[in-house]
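# Structural features, examined
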Amino acid sequence: MSEPKPLRFAAFVMNTTSHILHGAWRAPDARQTDFNSLQHWIDLAKTLEEARFDFIFFADVVGLYDDYQGDWKKFVDTGLQIPSNDPLVLASALASHTENLGIAITSSILQEHPFDFARKISTLDHASNGRIAWNIVTSLSQNAWRNFGYDGITAHDDRYAWAEEYVDVAYKLWEGSWDDGALVQDRIRGIHADFDKVHKIHHVGDRYRVEGPHLVAPSPQRTPVLFQAGSSPTGRRFAARNAEAQFIVSPTPQAAKGLVDDTRRLAARAGRDPQDIQFFQGLSFVIGSTEEEARRKAAELDEYIDPSTIIAHSAGGLGFDLGFYDLDTPIGEIKTEGTQSTLLWLREAVPDREPTVRDLAELRSRSGRVVGTPEQIADRLAEWRDAGVGGINVINATIPNSYIEFAEHVLPVLRERGLAQHEYAPGTSRRKLTGRDTLPDTHPAAAYRGAFAEKVEVPA
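Residues numbered from 1 in each chain as written. Predicted model: local features only at pLDDT ≥ 70, side-chain atom pairs only at ≥ 80, totals over all residues. Heavy atoms only, no water.

An unreviewed UniProt entry annotates the chain as Oxidoreductase originating from Gordonia alkanivorans CGMCC 6845.

Okay, here's the thing in structure tokens:
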């Protein structure tokens, strides 16, 4: 039997002040209030690369979460993901100051036409020499949808049907529009590209009509590394078809194993190799030289955490204002078209009874938190790896100290135990994640390689 692979590590961040552990920005060592500074992000990227992190993973939103206690004042008062800047704009700058760190960008199907988005991603993949990843999301807030001219959010399963067409358009552009070797740049003959190897895609679907061709020649990865975070049944099917890495927030390694096994079963049903998907668990860490010190630091962190803002965040993801609900209200009484993964996570965390709003408040404030010495943390991470988790999305309390402490105290122990890499593998982010430079032939994007070789003009 082969030796288990080291875990992959991503830094889970957002171009805002208050991302996940709301209120922690008030701590004396917190610098996430500098989010408007490009140098802030460049310095963090350099720190992560020096520590041999695999990715900096940018979350993003394109609207406020739904109201809390009747309006959106809470979000502005506490900085709950507002103000929030576009992470895609940072990517080329971070790429120019690093050589190996992957750069994962969250972008919703709602916010940009797939033709323009595919062009930007290809450009960034060129600029980074193949280190771009895309976290595919469908946007879960009413405000986000109204920002783009809709009356309200589209039903959960319909959003994923939309996402399927969106990614298919991108796949056609990335994989099918240009053949290998099309860009010849022959100075003697004066031929820049081989016309017979460049193709229009003529996509006609329920939402999009895209003629093509892709305006960018093939980038190192063509299709970027694909992340996806849906844990609902529909989200898992989408991940099983499309994702190379799935971001999960399971409450225990045992719950993660069930999700991993089910998604891999669905991947096999979709005709893919189940092992082509890696799973990144979101965890935060409080590290001490002794267990007592770690628990003291956790108590100090709790002094800054704002539980009501965490409820506002979680409730916004559900698409329901929990601000007026009694804390003992069963979650099952709340019907929503919002994110189903939050409900699934809560039921997994409270398996012996129907969870309540109070459970959501208490559990979310400490969800995914690992408290202990570096050795104890390594023990815990080994359990996640044994459950089928291939990577950890490291959630910060403060930037940059959460990552500096993890790099200085935990990673050396993990490397001693074979749980973290010593050096980067050569090549693109895909090779570093999966061992290959291109998508496997069983991925749906691969079906478009050579699919448009016959130049057929389709009437408008």
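## A few points about the UniProt feature "binding site: FMN" (unreviewed entry) in the chain
Under the UniProt annotation, "binding site: FMN" (unreviewed entry) lies at Asp 60, Thr 106, His 156, Tyr 160, Ser 231 and Ser 232. As for its position among the elements, Thr 106 is in strand β3 (residues 102-108). Classification of Thr 106 as buried rests on a relative accessible area of 4%. Aside from chain neighbours lying at most four places away, what touches Thr 106 is Phe 57, Phe 58, Ala 59, Asp 60, Pro 87, Asn 135 and Val 137. Within the local environment of Thr 106, its side chain forms a polar contact with the backbone oxygen of Phe 58, the two atoms lying 2.7 Å apart. Note that Tyr 160 resides in helix α6 (residues 156-176). Taking relative accessible area as the criterion, Tyr 160 reaches 9% and is therefore assigned buried. (UniProt positions renumbered as here; feature names shortened; annotations may be inferred. Helix = DSSP H or I, 4+ residues; strand = E, 2+ residues; numbered from the N terminus. Buried < 20%, exposed > 50% of the residue type's maximum accessible area, 1.4 Å probe, protein only. Contact = heavy atoms within 4.5 Å. Polar contact = N/O pair within 3.5 Å; in protein donor to acceptor, adjacent residues only side chain to side chain.)

## Topic: helix α8 (residues 253-269)
With 17 residues, α8 should reach 24 Å at 1.5 Å per residue; the first-to-last C-alpha distance of 24 Å fits that figure. Just downstream of α8 lies Gly 271, where phi reads positive at about 90 degrees. (Expected span 1.5 Å × (residues − 1).)

## Comments concerning the packing of aromatic side chains
If you walk through the whole model with that rule in mind, you get 22 aromatic pairs. Between Phe 57 and Phe 247 the ring centres are 5.7 Å apart and the planes differ by 55 degrees, which places this aromatic pair in the tilted class. In this pair, Phe 57 sits in strand β2 (residues 55-59) while Phe 247 sits in strand β10 (residues 245-248), placing the two residues 190 residues apart along the sequence. Residues Phe 57 and Phe 247 agree in their burial class; the two are buried. Taken together, the ring pairs connect Phe 12, Phe 55, Phe 57, Phe 227, Phe 247 and Phe 280 into an aromatic cluster. Above the face of the Trp 162 ring, Arg 207 is positioned so that its terminal group lies 3.8 Å from the ring centre. Its end group placed over the ring of Tyr 424, Lys 432 keeps NZ or CZ at 5.5 Å from the ring centre. (Phe/Tyr/Trp six-rings, centres within 6.5 Å; stacked < 30°, edge-to-face > 60°. Lys NZ or Arg CZ within 6 Å of the ring centre and 35° of its normal.)

## Brief notes about the packing of helix α13 (residues 374-386) against helix α14 (residues 401-416)
It is at 9 Å that the axes of α13 and α14 come closest, and there the two elements cross at 55 degrees. With respect to their mutual orientation, α13 and α14 come out oblique. In this structure, α13 meets α14 at a crossing whose hand is right-handed. On α14, the residues touching Pro 374, Glu 375, Ile 377, Ala 378 and Leu 381 of α13 are His 409, Val 410, Val 413 and Leu 414. In terms of residue class, the contact of α13 with α14 is made up of 7 nonpolar, 1 polar and 1 charged. (Axes fitted to C-alpha atoms, helices over the stretch in contact; angles between N-to-C directions. Parallel < 35°, antiparallel > 145°, perpendicular 65-115°, else oblique. Left-handed = near helix turned anticlockwise from the far one by under 90°. Nonpolar A, V, L, I, M, F, W, Y, C, P; charged D, E, K, R; others polar.)

## Some remarks on the pattern of salt bridges
If charged atoms from side chains of opposite charge come close, those side chains can pair. According to the stated counting rule, one finds 26 salt bridges in the structure shown. We note a salt bridge from Glu 164 to Arg 241, for which the minimum N-O separation is 2.6 Å. Pair noted here: Glu 164 is in helix α6 and Arg 241 is in helix α7 (residues 233-242), with a separation of 77 residues, a long-range link. In this structure, Arg 265 engages Asp 262 in a salt bridge whose closest nitrogen and oxygen atoms are separated by 2.3 Å. Separated by 3 residues within a single helix, Arg 265 and Asp 262 lie in helix α8, roughly one turn from each other. Note on Asp 262: relative accessible area 19%, which makes it buried. Each of Glu 112, Asp 116 and Lys 120 takes part in salt bridges that share partners, so that together they form one network. (Salt bridge = Lys/Arg side-chain N within 4 Å of Asp/Glu carboxyl O.)

## A word on the side chain of Arg 369
Along the chain, Arg 369 falls in strand β12 (residues 369-372). Here the side chain of Arg 369 touches Asp 302 through a polar contact of 2.9 Å, side chain to side chain. Non-local contacts of Arg 369, meaning those with residues more than four positions away in its chain, are made with Ser 284, Val 286, Ala 298, Leu 301, Asp 302 and Ile 305.

## Let's talk about the pairing of strand β9 (residues 225-228)
With burial as the criterion, each face of β9 is covered, one bearing Val 225 and Phe 227 and the other bearing Leu 226 and Gln 228. Summarising the sheet, strand β4 (residues 132-137) and β9 pair through 4 bridges and their orientation is parallel. Residue Asn 135 lies in a different strand from β9, and its bridge partner there is Phe 227. Where β9 meets β10, 2 bridges bridge the pair, whose relative direction is parallel. Bridge pairing in β10 links Phe 227 to Ala 245. Note on the crossover from β9 through α7 to β10: the handedness is right-handed. (Pairing = 2+ DSSP bridges. Right-handed = clockwise from strand over helix to strand, strands pointing away.)

## Points about the pairing of strand β1 (residues 8-14)
Counting buried residues along β1, 7 of its 7 residues qualify, which places the element largely inside the surrounding structure. Burial along β1 is two-sided: Arg 8, Ala 10, Phe 12 and Met 14 and Phe 9, Ala 11 and Val 13, pointing in opposite directions, are all buried. Looking at chain direction, β1 and strand β13 (residues 391-395) are connected through 5 bridges and run parallel. In the strand pairing of β13, Ala 11 is matched with Val 394. Across 5 bridges, β1 lies against β2 in parallel orientation. By the bridge assignment, Met 14 is partnered in β2 with Ala 59. Note that the unit made of β1, helix α1 (residues 38-50) and β2 has a crossover that is right-handed.

## Topic: the environment of Ile 310
Within the fold, Ile 310 resides in helix α10 (residues 307-318). In the structure, Ile 310 is positioned 26 residues away from Ser 284 in sequence and 15 Å away in space, judged by C-alpha atoms.

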